[in-house]
Amino acid sequence: MTGAGSPSPLRSRLRSLRPVAFGADPAGERMERIRRSPHFADGVFQNPVGARTRPSGSTLEFAKTYFRREARRRRGPAAPIPLHPTTLEDLARPPASGLRLTWMGHSSVLAEIDGKRVLFDPVWGRRCSPFAFAGPKRLHAVPLPLAALGPVDVVVISHDHYDHLDLPSIRALASTDTLFAVPLGVGAHLERWGVSESRLRELDWNESTQVDGLRLTATPARHFCGRGLRNQQHTLWASWAVEGPSGHRIYHSGDTGYFPGFRDIGAECGPFDATMIQIGAYSEYWPDIHMTPAEGMRAHLDLQGGQPSGVMLPIHWGTFNLALHAWAEPGEWTKDAAEDAGQAAAFPRPGEPFEPSGKLPEEPWWRTVSHPSGHPWSRPRRAELASEKHGGDLDLAGER
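Parameters and conventions
Residues numbered from 1 in each chain as written. Predicted model: local features only at pLDDT ≥ 70, side-chain atom pairs only at ≥ 80, totals over all residues. Heavy atoms only, no water. Axes fitted to C-alpha atoms, helices over the stretch in contact; angles between N-to-C directions. Helix = DSSP H or I, 4+ residues; strand = E, 2+ residues; numbered from the N terminus. Left-handed = near helix turned anticlockwise from the far one by under 90°. Contact = heavy atoms within 4.5 Å. Nonpolar A, V, L, I, M, F, W, Y, C, P; charged D, E, K, R; others polar. Pairing = 2+ DSSP bridges. Salt bridge = Lys/Arg side-chain N within 4 Å of Asp/Glu carboxyl O. Phe/Tyr/Trp six-rings, centres within 6.5 Å; stacked < 30°, edge-to-face > 60°. Buried < 20%, exposed > 50% of the residue type's maximum accessible area, 1.4 Å probe, protein only. Lys NZ or Arg CZ within 6 Å of the ring centre and 35° of its normal.

Caption draft 1: Representation of the packing of helix H8 (residues 261-269) against helix H9 (residues 293-303). Interhelical geometry of H8 versus H9 gives an angle of 35° and a closest axis separation of 7 Å. Read as a crossing pair, H8 and H9 show a hand that is right-handed. Residues Phe-262, Arg-263, Ile-265 and Gly-266 of H8 touch H9, and the partners they reach there are Ala-299, Asp-302 and Leu-303. Residue composition of the contact of H8 with H9, by class: 4 nonpolar, 1 polar and 2 charged.

Caption draft 2: Region of interest: the sheet that holds strand S15 (residues 353-354). With mixed pairing, the 7 strands of this open sheet are ordered in space as S8-S7-S6-S5-S4-S3-S15. What marks the edges here is a single partner per strand, and that holds for strand S8 (200-203) and S15. Here strand S3 (residues 99-105) pairs with S15 via 2 bridges, running antiparallel. Bridge assignment links Thr-102 to a residue of S15, and that residue is Pro-353.

Caption draft 3: A look at the pattern of salt bridges. Tallying each qualifying case throughout the model produces 13 salt bridges. One salt bridge in this structure joins Arg-35 and Glu-32, with 2.7 Å as the shortest N-O distance. On the criterion of helical spacing, the pair formed by Arg-35 and Glu-32 is a turn pair, its members being 3 residues apart in helix H2 (residues 28-36). The structure contains a network of salt bridges with shared partners spanning Arg-30, Glu-191 and Glu-202.

Caption draft 4: Structural view of the packing of aromatic side chains. Scanning the model with the defined rule gives 13 aromatic pairs in all. When the ring of Phe-45 is compared with that of Trp-237, the centres are 6.3 Å apart and the planes differ by 80°; the resulting orientation is edge-to-face. Here Trp-237 lies in the loop between strand S10 (214-219) and strand S11 (239-243) and Phe-45 lies in strand S2 (residues 44-45), a separation of 192 residues in the sequence. For Trp-237, a relative accessible area of 1% puts it in the buried group. Feature note: the residues Trp-103, Trp-317, Trp-327, Phe-347, Trp-365 and Trp-366 constitute an aromatic cluster, connected by ring pairs. The ring of Tyr-162 carries Arg-227 above its face, with NZ or CZ at 3.9 Å from the centroid.

Caption draft 5: Molecular detail of the sheet that holds strand S12 (residues 249-252). Pairing within the open sheet is mixed, and its 6 strands lie in the order S9-S10-S11-S12-S13-S14. The open sheet has two edge strands with one neighbour each: strand S9 (208-211) and strand S14 (311-315). Across the sheet, the axes of successive neighbouring strands diverge by a mean angle of 20°, strand direction being ignored. Looking at chain direction, S10 and S11 are connected through 5 bridges and run antiparallel. Paired with Thr-219 across the bridge in S11 is Ser-239. Relative to the sheet, H9 contacts S12, strand S13 (274-278) and S14, its axis offset from that of S13 by approximately 150°.

Caption draft 6: Up close: the environment of Ala-24. If you trace the backbone, Ala-24 turns up in the loop between helix H1 (9-17) and H2. Residue contacts for Ala-24: discarding those within four places in its chain leaves Arg-18, Ala-188, His-189 and Arg-192.

Here's what the structure looks like:
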């Protein structure tokens, strides 16, 4: 007879047939810990404020926009995206300030902090998909092979969506000695893919762990989870605050919609020398779970106590086509938002290391590979908007 807490033979058989990329569902003590979480209610994890996780609006209008020829053309670059050519040599030299960030594309960032190395959301796969033959494909190559990064002290995962938790990358890292810091429940996926339980630090929101002098804290985010056909919401999503042994502090947003909790995170864990903030793949069809560039800038300022300080690194853009906006629009609009706020922001090419306390990469490199239709993502500057205030309506593309 099957015990009340054990899966039935049929369910066990179905799980064994599940594609490996889908990962695994939490079970046993892991599931019991999830049920004890203050953020788990009515059988699912809850957001800090209400959020619609399914696309809203007209499906027909969405389809019309998605398949419109000109809009589709703008969702990809007109020429190869330029990569930083000397990533490997640059990383061989230790950062003079003790803090250096290298954006590898999308949300993957290598952070060197006080002599330790943290790798956020490593996605080196060709597609963010459970299948090798379908799904969003990279718009640019990886700046260097994953193995070339060298030793990593801890890999941090924000949540289990395919563009943040990548099976090929995790399997490659499973063969190293690195530890993994993940939100509650995500450890089930990693264990199925070969990471031993002893190498997992699985945290609920506002829990912290120490790794070789680093303090890593899982902080709230406004998003959702799921990899398989049935999205049970049994794995948590998180942003992360990391403090180094010498006092440097950084923040990685993962995926999130804007919410007032950024102020609380900043008060508890900040201020930060640098933040890595999601500003891409937004849409009016899913406004609660991804931030626009303006919202991302607002989140950074909230994290810093309401005043421009530190450096903002925009992430979650330029690598995969995951929304309806022009591919480089997030970079352009974030640059505008930073100028309007008087906030320092870094715009590195993929693979370009920089130190937040030093000279920042600020060149809008994406403009050199835009389509000849002009820069469709450009918006009027504040001064232009003021001068046009009584002269007629302006649309978001900056065209009359």
